[in-house]
Amino acid sequence: MLRVNGTDRPVTDAWIGESLLYVLRERLGLAGAKDGCSQGECGACNVQVDGRLVASCLVPAVTAAGSEVRTVEGLAQDGRPSDVQRALARCGAVQCGFCVPGMAMTVHDLLEGNPAPTELETRQALCGNLCRCSGYRGVVDAVQEVVAEREAHAAEDDADDEPATPRIPHQAGPGAGGVNPSAFGVTEPDGEPHDQPYGTDGGQA
Ligand code: FES
Ligand code: FES
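Residues numbered from 1 in each chain as written. Chains lettered and ligands numbered in written order. Predicted model: local features only at pLDDT ≥ 70, side-chain atom pairs only at ≥ 80, totals over all residues. Heavy atoms only, no water.

Visitor: Break down the overall build of the protein for me, with residues and values.
Guide: In terms of helices and strands, the protein carries five helices and five strands. Ordering the α and β elements of the protein from the N terminus gives β-β-α-β-β-β-α-α-α-α. Taking all contacts inside the protein whose residues are at least 6 apart in sequence as the whole, residues at least 24 apart take part in 53%. Accessible surface computed for the protein: about 12000 Å², of which carbon and sulfur atoms make up 51%. (Helix = DSSP H or I, 4+ residues; strand = E, 2+ residues; numbered from the N terminus. Contact = heavy atoms within 4.5 Å. Areas by Shrake-Rupley, 256 points an atom, 1.4 Å probe, with all protein chains shown as cover.)

Visitor: Residue-level account of the environment of Arg-25, with values.
Guide: Assignment of secondary structure puts Arg-25 in helix H1 (residues 20–27). The partly exposed category is assigned to Arg-25, whose relative accessible area is 24%. Measuring from C-alpha to C-alpha, the distance between Arg-25 and Asp-35 comes to 9.2 Å, with ten residues separating the pair along the chain. Those residues within four positions of Arg-25 in sequence are excluded, and the remaining contacts are Leu-30, Ala-31, Ala-33 and Lys-34. (Buried < 20%, exposed > 50% of the residue type's maximum accessible area, 1.4 Å probe, protein only.)

Visitor: Lay out the side chain of Thr-122 with the relevant residues and their values.
Guide: The residue Thr-122 is located in helix H4 (residues 119–125) in this model. Residues in contact with Thr-122, not counting those within four places in the same chain, are Leu-110, Pro-117, Val-140, Val-143 and Gln-144.

Visitor: Explain the packing of helix H3 (residues 100–113) against helix H5 (residues 137–160) residue by residue, including any values.
Guide: Between two packed helices, both the angle of their axes relative to each other and the distance between the axes serve to describe the pair. Where H3 contacts H5, the axes come no closer than 11 Å and their chain directions differ by 40°. Our classification of the angle between H3 and H5 gives oblique. Of the two elements, H3 crosses H5, and the hand of that crossing is right-handed. Packed against H3, whose contacting residues are Met-103, Val-107, His-108, Leu-110 and Leu-111, the element H5 presents Val-139, Val-143, Val-146, Val-147 and Arg-150 at the interface. (Axes fitted to C-alpha atoms, helices over the stretch in contact; angles between N-to-C directions. Parallel < 35°, antiparallel > 145°, perpendicular 65-115°, else oblique. Left-handed = near helix turned anticlockwise from the far one by under 90°.)

Visitor: Explain the packing of helix H2 (residues 83–90) against H5 to me, using residue names and the numbers behind them.
Guide: Between H2 and H5, the least distance of the axes is 8 Å, while the angle of their chain directions is 135°. When the axis of H2 is compared with that of H5, the two are oblique. Seen from above, H2 lies across H5 with right-handed handedness. Each of Asp-83, Val-84, Ala-87, Leu-88 and Arg-90 in H2 lies in contact with H5, whose residues at this interface are Val-139, Ala-142, Glu-145, Val-146, Glu-149 and Arg-150.

Visitor: Which residues make up the pairing of strand E3 (residues 46–49), and what are the values?
Guide: Judged by which residues are buried, E3 turns out to be covered on both faces: Asn-46 and Gln-48 on one side and Val-47 and Val-49 on the other are all buried. Summarising the sheet, E3 and strand E4 (residues 52–55) pair through four bridges and their orientation is antiparallel. Paired with Gln-48 across the bridge in E4 is Leu-53. Taken together, E3 and the strand that follows it, E4, pair antiparallel across an intervening segment of two residues, in which Asp-50 is found at a positive phi of about 50°. (Pairing = 2+ DSSP bridges.)

Visitor: Give me the lowdown on the nonpolar core, citing residues and values where you can.
Guide: If you look at the biggest cluster of nonpolar residues, it comprises 22 residues, and the most contacted ones within it are Val-84, Leu-88, Met-103, Val-107, Leu-111, Val-139 and Val-143. Looking at this core, the elements that each hand over two or more residues are H2, H3 and H5. In terms of residues, this core owes the most to one element, H3, which gives seven residues. Setting aside anything within four residues of it in sequence, one finds Val-84 in contact with Ala-104, Val-107, His-108, Leu-111, Val-146 and Arg-150. Of all hydrophobic cores here, the second largest spans 19 residues; its members include Val-4, Val-47, Ala-61 and Val-69. (Core = buried A, V, L, I, M, F, W, Y, C linked by side-chain atoms within 4.5 Å.)

Visitor: Before we move on, could you go through the sheet that holds E4 and cite the residues and values that matter?
Guide: The strand order E2-E1-E5-E3-E4 describes an open sheet built from five strands, whose pairing is mixed. Because the sheet does not close on itself, it has two edges, and the strands there are strand E2 (7–9) and E4. Averaged over neighbouring strand pairs, the angle between their axes works out to 40° when direction is ignored. Strand direction decides the pairing type here: strand E1 (residues 2–4) and E2, joined by three bridges, are antiparallel. Paired with Val-4 across the bridge in E2 is Thr-7. Running at roughly 40° to E3, H3 makes contact with E3, E4 and strand E5 (68–70) of the sheet.

This is the structure we're talking about:
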């Protein structure tokens, strides 16, 4: 049994040495992860296992039993490609598309650990993903676009949030009376006692 993208998927007839990539593609019909090299060099087969990016061609499927596997098929939200996938398409990172599922997994993994990577950090994260046609400029641009979008959404969400409950400097006492400051000898600037309870007179500090 493998847990993939939040669903338990029974695996039958597998040989104990089968790779996670093989089981995903050939036994479970999840063909998003690609078999580019079968030896951990190209990143086309990248998936997450328990939130960690792995080359699924190098992981024996049996070792992923009991773990949470996330593949490129699990990135869409409500049937819509993720923000990373949309940005990759927008920025011209997709030509033949063979490397893109692995790229998308790597970028999601990068942004989960580092929500605002520098270009150097992005390139370092992508160093295990080989692309033979589009180059990497589009991928780097896509990462920057996603970072900017997420920051903008976070700022909007903050603005929409109910203002935090203000700390109340004057609390009304029991009943409507509140605390009468004159009871503590507090006087107005004119020397008269302040005889209205704090919290009922417009906010004396
Ligand atoms: S197919 Fe796994 S790294 Fe290339
Ligand atoms: S788009 Fe073709 S290998 Fe990357």
